[in-house]
Amino acid sequence: MTDHIHHHQHLCVSTVPLFNQLALSDQQKVESLVRRYRFSRGDQILAPGEKGQMIIVESGAVKIYQLSLSGQEHMLRMLAAGEHEGEAWLFGIENVDTFAQAERTSEICTISYEDFAQLLNQYPSIAMRLLQLTLKKNRQLAAQNHLLGLDSIEERLKDYLKEEMQAQHSREFTLPMKLKDLATYLGTTPETISRKIQVLERQGLIRHSVRKIQILADF
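It should be emphasised that the depicted structure is a prediction, and the values quoted were computed from it without experimental measurement.

Q: Any details on the overall build of the chain? Residues and values, ideally.
A: Counting its regular elements, the chain contains six helices and twelve strands. Here the C-alpha atoms of the chain give a radius of gyration of 19 Å, agreeing with the 17 Å that 2.2 N^0.38 yields for 219 residues. Across its three principal directions, the C-alpha atoms of the chain cover 55 × 40 × 30 Å. Sorting the 219 residues of the chain into buried and exposed places 44% on the buried side. Within the chain, contacts between residues at least 6 apart in sequence are counted, and of these 69% link residues at least 24 apart. Accessible area for the chain stands at about 11,600 Å²; split by element, carbon and sulfur atoms hold 52% of it.

Q: Give a description of the sheet that holds strand β12 (residues 212–215) that names residues and reports values.
A: Sheet strands pair via backbone hydrogen bonds, and the direction of the pair is either parallel or antiparallel. Here we have three strands laid out as an open sheet, ordered β10-β12-β11, and antiparallel in their pairing. On the outer flanks of this sheet lie β10 (172–174) and β11 (206–209), each paired with one strand and no other. Taking the axes of each pair of neighbouring strands and ignoring which way they run, one obtains an average angle of 15 degrees across the sheet. Summarising the sheet, β10 and β12 pair through three bridges and their orientation is antiparallel. Its bridge partner lying in β12, Glu172 is registered against Gln214.

Q: Provide a residue-level description of the sheet that holds strand β8 (residues 99–102), including the pertinent values.
A: Taken in spatial order, the four strands make up an open sheet running β3-β8-β5-β6, and their pairing is antiparallel. Every interior strand has two partners, whereas the edge strands, β3 (44–46) and β6 (73–79), have only one. Neighbouring strand axes in the sheet, compared pairwise and without regard to direction, differ in orientation by 35 degrees on average. Judged from the six bridges that link them, strand β5 (residues 62–67) and β6 form a sheet pairing that is antiparallel. Within β6, the position partnered with Val62 by the bridge is Leu79.

Q: Go over the pattern of salt bridges with me, naming the residues and quoting the values.
A: Throughout the structure, instances matching the rule amount to 15 salt bridges. Two residues, Arg36 and Glu58, come together in a salt bridge whose shortest N-O distance is 2.5 Å. Within this pair, whereas Arg36 is found in strand β2 (residues 35–39), its partner Glu58 is found in strand β4 (residues 53–59), the two being separated by 22 residues in sequence. With relative accessibility at 7%, the residue Arg36 sits in the buried group. Residue Glu58 is classed as buried on the basis of its relative accessible area of 9%. A salt bridge links Arg171 to Asp218, with the shortest nitrogen-to-oxygen separation between them at 2.5 Å.

Q: Which residues make up the pairing of β5, and what values go with them?
A: Here β5 folds back onto β6 in antiparallel fashion, the turn holding five residues, of which Gly71 has a positive phi close to 90 degrees. Of the strand pairs in this sheet, β5 and β8 are connected by four bridges, and their pairing is antiparallel. Across the sheet, Tyr65 pairs through a bridge with Phe99, a residue of β8.

Q: Could you give an account of the packing of aromatic side chains, with specific residues and numbers?
A: As enumerated under the stated definition, the model contains three aromatic pairs in all. When the centroid spacing of 5.7 Å and the interplanar angle of 65 degrees are considered together, the rings of Tyr160 and Tyr185 count as edge-to-face. With Tyr160 in helix α4 (residues 153–167) and Tyr185 in helix α5 (residues 179–185), the pair connects residues that are 25 residues apart, well separated along the chain. With respect to burial, Tyr160 and Tyr185 carry one shared label: buried. When the ring centre of Tyr65 is taken as origin, the NZ or CZ atom of Lys63, which lies over that ring, is 5.6 Å away.

Cut-offs used in this document
Within each chain, residue numbers correspond to sequence positions counted from 1 in written order. Whole-chain, interface and lining totals are the exception, using all residues; otherwise, since this is a predicted model, local features are given only for residues with pLDDT of at least 70 and side-chain atom pairs are given and counted only at 80 or more. Working from all heavy atoms in the structure, the side-chain values ignore hydrogens and water. For the purposes of this entry, the term helix denotes a DSSP run of H or I that reaches at least four residues, the term strand denotes a run of E that reaches at least two, and both are numbered from the N terminus. It is over C-alpha atoms that the radius of gyration is taken, and the globule rule equals 2.2 Å times the number of residues to the power 0.38. Relative accessible area decides the class of each residue, using a 1.4 Å probe on protein chains only: under 20% of the type maximum gives buried, over 50% gives exposed, and in between gives partly exposed. Contacts were defined at the residue level, with two residues in contact if any of their heavy atoms lie within 4.5 Å. Reported accessibility uses the Shrake-Rupley method at a 1.4 Å probe radius. Residues are deemed covered only where the shown protein chains occlude them. For two strands to count as paired, DSSP must find a minimum of two bridges between them. Note on definitions: angles span 0 to 180 degrees between N-to-C directions of axes, and those axes are lines fitted to C-alpha atoms, for helices only across the stretch in contact. Only one rule defines a salt bridge in this text: a Lys or Arg side-chain nitrogen within 4 Å of an Asp or Glu carboxyl oxygen. Centres within 6.5 Å make a pair out of two Phe, Tyr or Trp rings, where for Trp the six-membered ring is used; the pair is then stacked when the planes are under 30 degrees apart, edge-to-face when over 60, and tilted otherwise. Two conditions define a charge located above a ring, namely a distance within 6 Å from the ring centre to NZ of Lys or CZ of Arg, and an angle within 35 degrees of the ring normal.

Structure (structure tokens):
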């Protein structure tokens, strides 16, 4: 179920690193271009072939994934509040393979390709910020490709947990995705991930409870 939302007290764009460095008056101009929607869990937000637009997650969680030729889902990332997807499409590149789905009830803001093109003319600083964020995302994709290049699933899991520990600046953290999504992210099955987590726990390397992980020793 998708509802178009008309009224809101605060600015959607103020949650996004791409826009939140603009002056408030400029953020309000950007906000005037935004359309807001509410999606229920399981709703499709985006599919290949649709018109280019950026989606911004104001609240909730959104899964970004692709499908293999055999129809198998390949998880790319999970978007939380303040994160966005689709900057390439704002430059006119067609979405040929990417899906977005609401993982739970989510409020989403969208900006169209045409409106964004106008913004870039008005605010060159947005183009520079977008480049920085795109490079950051490319680094994350490179990190995922590195993980998938490791032969052992256990090594992939260990490296992933180390990266999360560094990203969240704590030895105790919550996994940002469910086990089934982590499994597709690491190129394996939920059962294998579950088993490997238990192995690391038995070895005294981690403590694990639902999605909470505590790293007890370096590995």
